[in-house]
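Structural description and commentary
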Amino acid sequence: MYGLLLGLLAVLSPGQAQDEGTYRALLLRAAPGHLTELIDLYRERVGLLTALGEDPPVFMRHSQGDQWDLMLLFPIESLEHYFSAERAERLAQAGGVGFVDRVRAITAWQEELFVAGPPVDTVAARNAEAGFYHVEIFRALPGRYDALVEQRVMENRYYHRSERDGNLIFTRLAGAAWDVFTLGFYRDIQHFVATPDLAPEVFEQAAVDAGFESRGAIGTYLRTLIDAHHDTLANRVAFESD
């Protein structure tokens, strides 16, 4: 069974660059009255995983936007490692049995997406000083996937040319229907809304240099590429080690 699964996973993620990370993005909506319990349950889970040597996730709580309460972005080394019999055995020996049932009992909705993204060290470095996040999740129109990914890269060029950090880009390997999501890291909401003190023509030239027709065309071009798009603002959920 595991041989068949691992063969399928190899087909799902062909040609992934060696410096890319692989992640499991988990979105959860707690059953009414159970949000803090669900947060504590995942804090416990993360403690178990880190004790086994796995990297901690980016963990956030919805502030406004999409329907979910929590998002966790777990570095998983690879799909093959995540679904391996050896990992399952280590989790069972460490006390991981029954976790899924405990989550299911207090969760109203969940969705997960396996993605390729930046190296784990890059995500960790951006997350180290973050307390606030902007998540944008996209589903491309048919035939527009490559253009959507390129638009995300172009928008980062625009941000860099206008003296701002870009977003990290994650692309679908398996799971939910979303094709791409981007994650912006900020100290707080004030940092998120801040705009560099630059002349309008600097922003305009930055957009053109990034590959857009104009600054005003950034959003309108994006909407020619997408079938669905969800935005969420979220606050960091801290661990005991933070």
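See the structure above.
For clarity, every value in this text was computed on a predicted model and none was experimentally measured. (Residues numbered from 1 in each chain as written. Predicted model: local features only at pLDDT ≥ 70, side-chain atom pairs only at ≥ 80, totals over all residues. Heavy atoms only, no water.)

1. Focus: the overall build of the chain
From N to C terminus, the chain includes 10 helices and 8 strands. Here the C-alpha radius of gyration of the chain, 19 Å, is about what a compact globule of 242 residues would show, namely 18 Å. In terms of overall dimensions, the chain has a C-alpha envelope of 60 × 40 × 30 Å along the principal axes. The burial tally for the chain puts 46% of its 242 residues in the buried class. Counting only contacts in the chain whose residues sit at least 6 apart along the sequence, the fraction spanning at least 24 positions is 80%. Looking at the chain as shown, the accessible area adds up to about 12,400 Å², and 52% of this sits on carbon and sulfur atoms. Taking the average location of the 21 positive side-chain charges in the chain and that of its 35 negative ones, the two points are 3 Å from each other. (Helix = DSSP H or I, 4+ residues; strand = E, 2+ residues; numbered from the N terminus. Rg over C-alpha atoms; globule rule 2.2 N^0.38 Å. Buried < 20%, exposed > 50% of the residue type's maximum accessible area, 1.4 Å probe, protein only. Contact = heavy atoms within 4.5 Å. Areas by Shrake-Rupley, 256 points an atom, 1.4 Å probe, with all protein chains shown as cover. Lys, Arg positive; Asp, Glu negative; His and termini not counted. Charge placed at Lys NZ, Arg CZ, Asp CG, Glu CD.)

2. Focus: the pattern of salt bridges
The final tally for this structure, using the stated rule, is 9 salt bridges. Here Arg43 and Asp40 are joined by a salt bridge, their closest N and O atoms 3.2 Å apart. Residue Arg43 and its partner Asp40 are both found in helix H2 (residues 35–51); the two are separated by 3 residues, about one turn of the helix. According to the relative accessible area criterion, Arg43 is partly exposed, its value standing at 35%. Residue Glu155 pairs with Arg152 through a salt bridge whose shortest N-O separation is 2.7 Å. Here Glu155 and its partner Arg152 are both found in helix H7 (residues 145–161), 3 residues apart, which amounts to about one turn of the helix. (Salt bridge = Lys/Arg side-chain N within 4 Å of Asp/Glu carboxyl O.)

3. Describing the sheet that holds strand S6 (residues 168–175)
Judged by pairing direction, the barrel is antiparallel, and its 8 strands sit side by side in the order S1-S3-S2-S8-S5-S7-S6-S4 before closing back on the first. Strand-to-strand, the axes of this sheet are offset by a mean angle of 35 degrees, without reference to chain direction. When strand S5 (residues 132–140) meets strand S8 (residues 226–236), the two strands line up antiparallel, connected through 9 bridges. Pairing of Val135 across the sheet is with Thr232, part of S8. Each of strand S1 (21–30), strand S2 (58–65), strand S3 (70–75) and strand S4 (107–117) touches H2; the most contacted strand, S3, lies at about 10 degrees to it. Sitting on the sheet, helix H6 (residues 120–128) is in contact with S1, S2, S3, S5, S6, strand S7 (180–186) and S8, with an inclination near 125 degrees to S6. (Pairing = 2+ DSSP bridges. Axes fitted to C-alpha atoms, helices over the stretch in contact; angles between N-to-C directions.)

4. A look at helix H9 (residues 200–210)
Taken together, the buried positions of H9 are Phe203, Ala206, Ala207 and Ala210. With its buried residues spanning 100 degrees around the axis, H9 presents them on a single face. (Arc of directions from axis to C-beta.)

5. Some words on the packing of aromatic side chains
Here the distance between the centres and the angle between the planes together describe a pair of aromatic rings. Using the criterion set out here, one finds 11 aromatic pairs in the structure. An aromatic cluster is built from Tyr23, Phe170 and Phe181, whose rings are joined through pairwise contacts. Positioned above the aromatic ring of Trp178 is the side chain of Arg139, whose terminal nitrogen or guanidinium carbon lies 5.6 Å from the ring centre. Looking at Arg215, its charged tip hangs above the ring of Phe203, at a distance of 4.3 Å from the centre. (Phe/Tyr/Trp six-rings, centres within 6.5 Å; stacked < 30°, edge-to-face > 60°. Lys NZ or Arg CZ within 6 Å of the ring centre and 35° of its normal.)

6. Remarks on the pairing of S3
Of all 6 residues in S3, 6 are buried, a share of seventy percent or more. On S3, burial covers both faces: Leu70, Leu72 and Phe74 on one face and Met71, Leu73 and Pro75 on the other are all buried. Bridge count for S1 against S3 is 6 bridges, and the pairing is antiparallel. Across the sheet, Tyr23 pairs through a bridge with Pro75, a residue of S3. Where S2 meets S3, 4 bridges bridge the pair, whose relative direction is antiparallel. Pairing of Phe59 across the sheet is with Leu72, part of S3. Turn length for the S2-S3 hairpin, with the two strands adjacent in sequence and antiparallel, is 4 residues.

7. Things to note about the nonpolar core
If you look at soluble globular proteins, the nonpolar side chains tend to sit buried side by side. Of all hydrophobic cores here, the largest spans 28 residues; its most connected members are Leu28, Leu38, Tyr42, Phe59, Leu72 and Phe74. In terms of residue count, H2 provides more of this core than any other element does, 8 residues in total. In this structure Leu72 touches Arg24, Ala25, Leu26, Leu28, Tyr42, Val46, Pro57, Val58 and Phe59, once residues within four positions along its chain are discounted. Ala25, Val58, Ala228 and Ala234 belong to the second-largest nonpolar core, a separate cluster that totals 24 residues. (Core = buried A, V, L, I, M, F, W, Y, C linked by side-chain atoms within 4.5 Å.)

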